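# Reading the structure
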Amino acid sequence: MAYQENSAMAESCSAGYPSKSLAAAALVALSLALCAPICLAQEIAQGQGPAPRLASDPHVDSHIAEAIRQVSADHIRQTIAKLVSFQNRSTISAQDEASIKAGTGIGAAREWIKAEFERYSKECGGCLEVKTDAFIEQPADRIPKPTEITNVYAVLRGTDAQKANRIVLVTGHYDSRNSDTLNGTDPAPGANDDGSGTAVSLECARVLSKAVLNKVKFPATIIFLTVAGEEQGLNGSKHFAQMAKQQGWKLEAVLNNDIVGGDRSPQQDASVVRVFSEGLPAAASEAEIKRIRALGGESDSTSRELARYIADVGRSYNAGVKPLLIFRLDRFLRGGDHYSFNQQGFAAVRFTEFREDFNHQHQTPRTENGIEYGDLAKFVDFDYVAHVARLNAATLASLASAPAPPATVKMMTKDLENDTTLTWEPSAGAAAYEVVWRSTNAADWEYVQTVSSGTRASLKVSKDNVIFGVRAVDAAGHRSLPVVPEPER
């Protein structure tokens, strides 16, 4: 049927010119595409109150801008070089005392990462709590015998006692692998996968703890995490996410960095970093999925709102790289540590370079037929990793500085009307609220209307045509994650 339709269209064109009917149809389609955002703005402008602002307007905190300027490509280079020096960081590689002393294997890498976090803490006057999450993983396909897996992390406790229970987190995995998943002895440098992501977590810890030393305050808590076991089956992140769920953490955002080295291939685009986010939540029940589909909310999971928040941060701060939102859980038929958090119901996204070179991933270093294989440091663009680290640090700082997202956001649907009324509960620390909205076919928020007082807003915009969200804003302009309303009759 599709072939017949295409053939008919081709036959309707003569000498390269479209028929009148096709030209008219094209004009209508173009007019509708151009009209969509304009019509939405006109719709509210015809009602009472000020015209809406563009949601893409930048907003910058000078303290955050200064903090991310401290990110160092040279420091990241040193971090990745040190991780590579451990030769093989496979989860099943050596971690006995002799190997740790010799500086080989995952045990040595673990101890070095812990020492780095402790050094940063010492430099900021003890502002970081350095911790480990260790457990025994039982034998499985990629784990031949009971194996200790240790996640290493540092906690930058929030400065506001009432808000410190809110948590945002950045992570990367410090284990590596070569061509054989069960090979824990031969070289597995893991410079990009995932020395780069580990370096991002460490660098974010370094610069944001340094900002605290310079009297910058983050009301909410930030966790800088490095996990092991990713290459064996997301073991470390799964254990950590389950711990967070069991202990009732208010974990609002997880930024997973995996393969953010900007591999130096001719096809690489060093101006962007992909940000993957799930659509239908992995933790949603069948009833919840049914409700999401009924409301047309397939592209408004909390993870997707986090991705849009990152895009907003990318417009506001000069990180050196722009987020490219990929509305998919992960690369095609592949996975990463953010999924462990998604499974527990947390908002989590994945950062990955624009174009991966598979000759430089999961390969034992060698040269065959003139092709050099191996995840080597010389293929990593350290400036690119620094840019990604700046974007992560700006996102973490923005989220940790903002009020909590508004709770119990509702859309009134008792009466059949074109106007839209939204209500929500107050958010601690909020000086105002913002209603954001976008066309149903738009990828990101298009317009924003400020609500300077109260927790209710009525807009001359039809709920049939747009997706709404509400976010809290403090006196300094820090914005929370947006919350999409639920209908209430």
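Residues numbered from 1 in each chain as written. Predicted model: local features only at pLDDT ≥ 70, side-chain atom pairs only at ≥ 80, totals over all residues. Heavy atoms only, no water.

## What to know about the overall build of the protein
When you go through the protein residue by residue, the secondary structure sums to 13 helices and 18 strands. Each of the 489 residues in the protein was classed as buried or not, and the buried ones make up 53%. Considering only contacts within the protein whose residues lie at least 6 apart along the sequence, 76% involve residues at least 24 apart. As presented, the protein carries roughly 21,600 Å² of accessible surface, and 52% of it is formed by carbon and sulfur atoms. (Helix = DSSP H or I, 4+ residues; strand = E, 2+ residues; numbered from the N terminus. Buried < 20%, exposed > 50% of the residue type's maximum accessible area, 1.4 Å probe, protein only. Contact = heavy atoms within 4.5 Å. Areas by Shrake-Rupley, 256 points an atom, 1.4 Å probe, with all protein chains shown as cover.)

## Side note on the nonpolar core
Core analysis: the biggest nonpolar cluster contains 75 residues, and Leu-208, Phe-224 and Phe-351 have the highest contact counts within it. For this core, the element with the most residues is helix 13 (residues 382–401), which contributes 13 residues. Apart from residues no more than four positions distant in its own chain, Phe-224 is found in contact with Phe-117, Leu-128, Val-152, Tyr-153, Ala-154, Leu-156, Val-170, Ser-201, Cys-204, Ala-205, Leu-208 and Leu-396. Residues Leu-225, Phe-240, Phe-346 and Ala-348 belong to the second largest nonpolar core, which totals 17 residues. (Core = buried A, V, L, I, M, F, W, Y, C linked by side-chain atoms within 4.5 Å.)

## Topic: the sheet that holds strand 6 (residues 250–257)
With mixed pairing, eight strands are arranged side by side in an open sheet as 2-3-5-4-6-9-7-8. Of all the strands in the sheet, just strand 2 (128–137) and strand 8 (322–326) have a single pairing partner and so form its edges. Pairwise comparison of adjacent strand axes, ignoring direction, gives a mean angle of 25 degrees for this sheet. In terms of strand pairing, strand 7 (residues 272–277) meets strand 8 through five bridges, oriented parallel. Pairing of Val-272 across the sheet is with Lys-322, part of strand 8. Contacting strand 2, strand 3 (147–156), strand 4 (166–173), strand 5 (221–227) and strand 6, helix 9 (residues 235–246) runs over the sheet at an angle of about 115 degrees to strand 2. (Pairing = 2+ DSSP bridges. Axes fitted to C-alpha atoms, helices over the stretch in contact; angles between N-to-C directions.)

## Examining the side chain of Ser-237
Assignment of secondary structure puts Ser-237 in helix 9. Every residue in contact with Ser-237, bar those within four places of it in the chain, is listed here: Val-227, Ala-228, Asp-337, Ser-340 and Phe-341.

## Let's talk about the pairing of strand 3
With nine of its 10 residues buried, strand 3 lies for the most part within the structure. Bridge count for strand 2 against strand 3 is 10 bridges, and the pairing is antiparallel. Each bridged residue has a counterpart across the sheet, and for Thr-132 the counterpart in strand 3 is Val-152. When strand 3 meets strand 5, the two strands line up antiparallel, connected through five bridges. Its bridge partner being in strand 5, Ala-154 is matched across the sheet by Phe-224.

## Side note on helix 9
Note on helix geometry: an α-helix contains 3.6 residues per turn, so any two residues three or four positions apart are oriented the same way. With 12 residues, helix 9 should cover 16 Å at 1.5 Å per step; its first-to-last C-alpha distance of 16 Å lies within 8% of that length. All of the buried residues along helix 9 are Asn-235, Gly-236, Ser-237, Phe-240, Ala-241, Met-243 and Ala-244. Looking one or two places after helix 9, you find Gly-248, whose phi comes out positive at around 70 degrees. (Expected span 1.5 Å × (residues − 1).)

## Considering the pattern of salt bridges
The tally for this structure, following the rule as stated, stands at 30 salt bridges. One salt bridge connects Glu-356 with Arg-331, and the closest N-O pair in it is separated by 3.0 Å. A residue pair is termed long-range when its members are at least 10 positions apart, and Glu-356 in the loop between strand 9 (348–353) and strand 10 (366–368) and Arg-331 in the loop between strand 8 and helix 12 (338–343) qualify at 25 residues. Exposure class is identical for Glu-356 and Arg-331. Each is buried. Sharing partners across several salt bridges, the network here consists of Arg-53, Asp-312, Arg-315, Glu-434, Asp-444, Arg-471 and Arg-479. (Salt bridge = Lys/Arg side-chain N within 4 Å of Asp/Glu carboxyl O.)

## With respect to the packing of aromatic side chains
In this structure the tally under the stated criterion is seven aromatic pairs. On the basis of an interplanar angle of 85 degrees and a centroid distance of 5.0 Å, the ring pair of Tyr-153 and Phe-240 is categorised as edge-to-face. A residue pair is termed long-range when its members are at least 10 positions apart, and Tyr-153 in strand 3 and Phe-240 in helix 9 qualify at 87 residues. On the accessibility criterion, Phe-240 (0% relative accessible area) is buried. Among the aromatic residues, those joined into a cluster by ring pairs are Tyr-153, Phe-240, Trp-249 and Phe-341. The aromatic ring of Trp-445 is capped on one face by Arg-308, whose charged end is 5.9 Å from the ring centroid. One cation-aromatic arrangement involves Arg-438 over Trp-445; the distance from NZ or CZ to the ring centre is 4.8 Å. (Phe/Tyr/Trp six-rings, centres within 6.5 Å; stacked < 30°, edge-to-face > 60°. Lys NZ or Arg CZ within 6 Å of the ring centre and 35° of its normal.)

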